[in-house]
Protein chains: 2
Amino acid sequence: MIRIAVVGHLARSSGDFSINDLPGAAGRMDVLCRCVNSSFFLSHDLRRDVECFLVLCGEPDPPKTIKISGRDVKHLNPDERTTAALLKKALSMVTGTKFRESTPGIFVRRGGLKELAQDFSFSVLDEGGLDIRSESKLPEAYILSDHLNFSPAENEILSGMPACSVGPQLLHADHTISVLFNEIDRRRAGWA
Amino acid sequence: MIRIAVVGHLARSSGDFSINDLPGAAGRMDVLCRCVNSSFFLSHDLRRDVECFLVLCGEPDPPKTIKISGRDVKHLNPDERTTAALLKKALSMVTGTKFRESTPGIFVRRGGLKELAQDFSFSVLDEGGLDIRSESKLPEAYILSDHLNFSPAENEILSGMPACSVGPQLLHADHTISVLFNEIDRRRAGWA
């Protein structure tokens, strides 16, 4: 199982956003939608052994965490708008501190990075980390940030976690995930 | 200069589509928008040394080709909807067989794969090709298909062109472009 967690620093934490304005009023929800796409989609297939976590830190009710399970997810399409509609539905539900399913394979709970870091041992995808091509064994859980850097409070939670990098350029989060999965695919197939 | 060309087999060839329905009535225009994103965006920067070509083969007026020049492009944002609005504007212009600029850095002309293949020496990004990591020198122009395979007529045009592959899995076109640029970035930075 590969786990990918993305922190959306401004991402709206309720379902009251318009899917016609993902970059603006929804707090760069477009970034998170593209990360979901990169985490799951293969050509005419889905990565069923992946879980993707979106940590929503924007107003009005942060933090919340959405979990998408590749094993069970349905109705997922590659375009941003369809994914956003699924996230909107999840964020419209009344929810507590335990994950609750909104549509097949999509769950939401109250809680953010702190709670998620207690659940899994993440490696931080960061440009200052060790080149993933030189890692003898790839990690199984990764965390990365949206278009903004991790805050000092987040860095405190992440301190002590190993860091790895996919390349010399600073990339968008979704591109980073695509490159990461290429390295994973290559090793599984004996190509690396 | 790196050139990326993507063939959109069903992509609408006029500007009469709704940016609220890119996967449907616009003929999977969402795929092409994500390819534009992968071709240009770095974190808080654009790849200025890239040109991206979109070959639109869908109704009602095919084929047309849109060229996006990283050197000159303006108003480009990462989300699908904003990119689609720029493409829609280009496809709403009256156009001939020479590229005509619609907004800064975005051009459109009549003509498709046949004409484009006369302009540049492409390598085909294809799962059957040579692993890009094993290429001693990377090509400078790449062509790939959207969610559909190349047609027999297109394969005839492409026959004789070298083929290269980014990995063992069949990927979406935009993910393929992200992985390709990672290899290019690594070689330029001495990381490969």
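What you are looking at is a predicted structure, and each value in this text was computed from that prediction instead of being measured.

Take the overall build of chain A next. A tally of helices and strands in chain A yields five helices and 10 strands. The C-alpha atoms of chain A give a radius of gyration of 16 Å, which matches the 16 Å a tight globule of 192 residues would have. Expressed along its principal axes, the backbone C-alpha trace of chain A runs to roughly 45 × 40 × 30 Å. Within chain A, the proportion of its 192 residues that are buried is 58%. Contacts in chain A between residues far apart in sequence, at least 24 positions, make up 68% of those at least 6 positions apart. For chain A, the exposed surface amounts to about 7700 Å²; the carbon and sulfur share of it is 50%. Charge-centre separation for chain A: the mean point of 23 positive side chains lies 6 Å from the mean point of 25 negative side chains.

With 38 residues of chain B at the contact, the number on the chain A side is 38 residues. Of the roughly 3400 Å² buried between chain B and chain A, counting both surfaces, carbon and sulfur atoms make up 53%. Per-residue buried area on chain B facing chain A is highest for Arg133(B), Pro168(B) and Trp191(B); these three make up 18% of the total on that side. Scanning the region where chain B abuts chain A turns up four salt bridges. The shortest N-O distance in the salt bridge between Asp131(A) and Arg186(B) comes to 2.7 Å. At the junction of chain B with chain A, the criterion picks out 21 residue pairs in polar contact (both at pLDDT 80 or more).

Residues and elements named next belong to chain B. Its place among the elements puts Ala163 in strand S10 (residues 163-165). Measuring from C-alpha to C-alpha, the distance between Ala163 and Asn37 comes to 23 Å, with 126 residues separating the pair along the chain. Those residues in contact with Ala163 that sit more than four places away from it in its chain are Val124, Asp126, Gly129, Leu130 and Glu135.

All names here are of chain B. Buried residues dominate strand S7 (residues 106-110), accounting for four of its five residues. As paired strands, strand S5 (residues 64-69) and S7 are joined by five bridges and run antiparallel to one another. Bridge pairing in S7 places Lys64 opposite Arg110. As paired elements, strand S6 (residues 100-103) and S7 share three bridges and run antiparallel to each other. Opposite Thr103, over in S7, you have Ile106 as the bridge partner. The turn linking S6 back onto S7 is made up of two residues, and Gly105 within it adopts a positive phi angle of 85°.

A few words now on the confidence of the model for chain A. When pLDDT is averaged along chain A, the result is 97, and 99% of the positions lie at 70 or above. Interface predicted TM-score (ipTM) for the complex: 0.98; the corresponding pTM is 0.98.

Glancing now at the packing of aromatic side chains. Within the structure shown, the criterion is met by six aromatic pairs over all chains. Ring centres of Phe120(A) and Phe122(A) lie 6.0 Å apart, and the angle between their planes is 75°; on these two criteria the pair is classed as edge-to-face. Look at Phe53(B) and Phe99(B): their rings are 6.4 Å apart centre to centre, the planes differ by 50°, and that puts the pair in the tilted class. Taken as a pair, Phe53(B) in strand S4 (residues 50-56) and Phe99(B) in the loop between helix H2 (80-91) and S6 lie far apart in primary sequence, 46 residues in all. A relative accessible area of 24% places Phe99(B) in the partly exposed class. The rings of Phe53(A), Phe99(A), Phe120(A) and Phe122(A) are connected pair by pair, giving a single aromatic cluster. A cation over a ring is seen here: Lys67(B) above Phe107(B), with NZ or CZ 4.9 Å from the ring centre.

Looking at the element boundaries, Asp174(B) is found in helix H5 (residues 173-188). Apart from residues no more than four positions distant in its own chain, Asp174(B) is found in contact with Arg34(B), Cys35(B) and Ser38(B).

Residue and element names in this part refer to chain B. Helix length check: helix H1 (residues 29-40) (12 residues) gives 17 Å between terminal C-alpha atoms against 16 Å at 1.5 Å per residue, within 8%. Across the 12 residues that make up H1, a large majority, 12, are buried. Buried residues of H1: Met29, Asp30, Val31, Leu32, Cys33, Arg34, Cys35, Val36, Asn37, Ser38, Ser39 and Phe40, and no others.

With an RMSD of 0.0 Å, the fit of chain B onto chain A corresponds to turning through 180° and sliding 0.0 Å along the axis. Here the copies are linked by what is in effect a two-fold axis. Judged by C-alpha distance, Val179(B) is the residue of chain B that lies nearest the rotation axis, at 2.6 Å.

Residues and elements named next belong to chain A. The buried count for strand S1 (residues 2-8) comes to six of seven residues, which makes it a mostly enclosed element. Where S1 lies against strand S4 (residues 50-56), seven bridges are found, and the strand directions are parallel. Directly across from Arg3, in S4, lies its bridge partner Glu51. Strand direction decides the pairing type here: S1 and strand S9 (residues 141-145), joined by five bridges, are parallel. Looking at S9, one finds that Ala5 is bridged to Ile143.

Calculation notes
- Residues numbered from 1 in each chain as written.
- Chains lettered and ligands numbered in written order.
- Predicted model: local features only at pLDDT ≥ 70, side-chain atom pairs only at ≥ 80, totals over all residues.
- Heavy atoms only, no water.
- Helix = DSSP H or I, 4+ residues; strand = E, 2+ residues; numbered from the N terminus.
- Rg over C-alpha atoms; globule rule 2.2 N^0.38 Å.
- Buried < 20%, exposed > 50% of the residue type's maximum accessible area, 1.4 Å probe, protein only.
- Contact = heavy atoms within 4.5 Å.
- Areas by Shrake-Rupley, 256 points an atom, 1.4 Å probe, with all protein chains shown as cover.
- Lys, Arg positive; Asp, Glu negative; His and termini not counted.
- Charge placed at Lys NZ, Arg CZ, Asp CG, Glu CD.
- Buried area = accessible area lost by both parts, 1.4 Å probe.
- Salt bridge = Lys/Arg side-chain N within 4 Å of Asp/Glu carboxyl O.
- Polar contact = N/O pair within 3.5 Å; in protein donor to acceptor, adjacent residues only side chain to side chain.
- Pairing = 2+ DSSP bridges.
- pLDDT = per-residue confidence, 0-100.
- Phe/Tyr/Trp six-rings, centres within 6.5 Å; stacked < 30°, edge-to-face > 60°.
- Lys NZ or Arg CZ within 6 Å of the ring centre and 35° of its normal.
- Expected span 1.5 Å × (residues − 1).
- Least-squares fit on C-alpha atoms with pLDDT ≥ 70 in both.

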